[in-house]
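# Chain and residue survey
Take a look at the letters that make up each chain.
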Amino acid sequence: MKKTEDDFIMLPTVDFCFKELMQNEKVRKGFISALLNCSPDDITQTVLMPTILGRDTPEDKEGILDVRVALEDGTQLDMEMQVAYFAYWEKRILFYLGKMYTGQLKKGEPYEALKKCIHVSILDFVHFPEDSECYRVIHFRDEKSGKMYTDLMEIQILELRKLLPVEVGRSGVIDWMQFFNGKSRKEFCDMAKKNEYLDEACNTLMELSADEKKRLEYEARERALRDYNSQMNSARKLGMEQGRQEGLQEGRQEGVDLAKTVFKLFLQGKSPDEIAEISRISEDEVRKILE
């Protein structure tokens, strides 16, 4: 059945929509409390900060974040929604986290003034194909003892494509992941029943979707993402073809990394159609790689 205009709903996996949702202070508070595993009542302030990370010299690379928030105790969070597969995502987020952490100090200020910085990656692709964990928190730890070195820098990874239809006995961050992963009005409304913060997120999403100007901006961003994905798929195909001809050494890194992911998933017992869904390529492309 063809969808009507009234069926239109923005999807939070499009970064424009995610950033607009995070403009709502109550939505921010609900999501951040889930990330910090605390009660929303414990969070008294969530201030939106500039998303452009400063450069020390004109030659430095500029960093532009999706959503940057400061809490009352000085803790900062960088929340990134990434829908397209990104070969060097781990290096990119370390760059963001490092810039955010070091950018706190001004000349002459003591190191003790540094506050905790948290990077949050919300990914609509599989970043860790070797396991089924959809949510993880990463810290600096001693390799031998496992003891935490410091909690001043933290990375949280949310992999939406690993979500099960029903996550029994899990809530908090998982509830928000299921909301962000929604695809229809019914799914968003069902999630809204979980708590007042998800209800606020649902209502905000409905308001955004009904705003004609916001809808035009959303659709422009959605088209840009589709164009980017198309270009990246072409690059991957070219990389894999070059890799077959030159022993994978001269192939584009995108194609090589994708091939590795496909083989890892295959060794885990995933079927070609499951691999295609996770890797966001066709079954034919999966079979060609496996052959």
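Residues numbered from 1 in each chain as written. Predicted model: local features only at pLDDT ≥ 70, side-chain atom pairs only at ≥ 80, totals over all residues. Heavy atoms only, no water.

### Section: the overall build of the protein
Looking only at helices and strands, the protein features 10 helices and eight strands. In the protein, buried positions account for 46% of the 291 residues. A separation threshold of at least 6 residues defines the contact pool for the protein, and within that pool the share at least 24 residues apart is 58%. (Helix = DSSP H or I, 4+ residues; strand = E, 2+ residues; numbered from the N terminus. Buried < 20%, exposed > 50% of the residue type's maximum accessible area, 1.4 Å probe, protein only. Contact = heavy atoms within 4.5 Å.)

### Some words on the packing of aromatic side chains
Each aromatic ring pair is summarised here by two numbers: the centre-to-centre distance and the angle between the ring planes. Applying the stated rule across the entire model yields nine aromatic pairs. With a centroid separation of 5.1 Å and 90 degrees between ring planes, the pair formed by Phe-31 and Phe-180 is classed as edge-to-face. Here Phe-180 lies in helix H4 (residues 173-180) and Phe-31 lies in helix H2 (residues 25-35), a separation of 149 residues in the sequence. Here Phe-31 matches Phe-180 in class, with each residue buried. Aromatic side chains Trp-176 and Phe-179 sit 6.3 Å apart centroid to centroid with 70 degrees between the ring planes, which places their arrangement in the edge-to-face category. Here Trp-176 pairs with Phe-179, and both are found in helix H4, just three residues apart, close to one helical turn. What makes Trp-176 buried here is its relative accessible area of 3%. These aromatic residues form a ring-pair network of at least three members: Phe-18, Phe-31, Trp-176, Phe-179, Phe-180 and Phe-188. Between the NZ or CZ atom of Arg-136 and the centre of the ring of Phe-128, over which it lies, the distance is 4.0 Å. Here Arg-215 stacks its cationic end above the ring of Phe-8, 3.9 Å away from the centre of that ring. (Phe/Tyr/Trp six-rings, centres within 6.5 Å; stacked < 30°, edge-to-face > 60°. Lys NZ or Arg CZ within 6 Å of the ring centre and 35° of its normal.)

### Here we look at the packing of H4 against helix H6 (residues 196-210)
Packing of H4 against H6 brings their axes to within 11 Å, and their N-to-C directions diverge by 15 degrees. In this view, H4 runs roughly parallel relative to H6, as classed from their interaxial angle. Between H4 and H6 the crossing geometry is right-handed. Two secondary-structure elements touch here, H4 through Asp-175, Trp-176 and Phe-179 and H6 through Tyr-197, Leu-198, Ala-201, Cys-202 and Leu-205. Per-class residue counts for the contact of H4 with H6 are seven nonpolar, no polar and one charged. (Axes fitted to C-alpha atoms, helices over the stretch in contact; angles between N-to-C directions. Parallel < 35°, antiparallel > 145°, perpendicular 65-115°, else oblique. Left-handed = near helix turned anticlockwise from the far one by under 90°. Nonpolar A, V, L, I, M, F, W, Y, C, P; charged D, E, K, R; others polar.)

### As for unusual backbone geometry
Backbone geometry at Asn-37 places phi at a positive 55 degrees, although glycine is not the residue there. Tracing the backbone through its elements, the reader meets Asn-37 in the loop between H2 and strand S1 (46-48).

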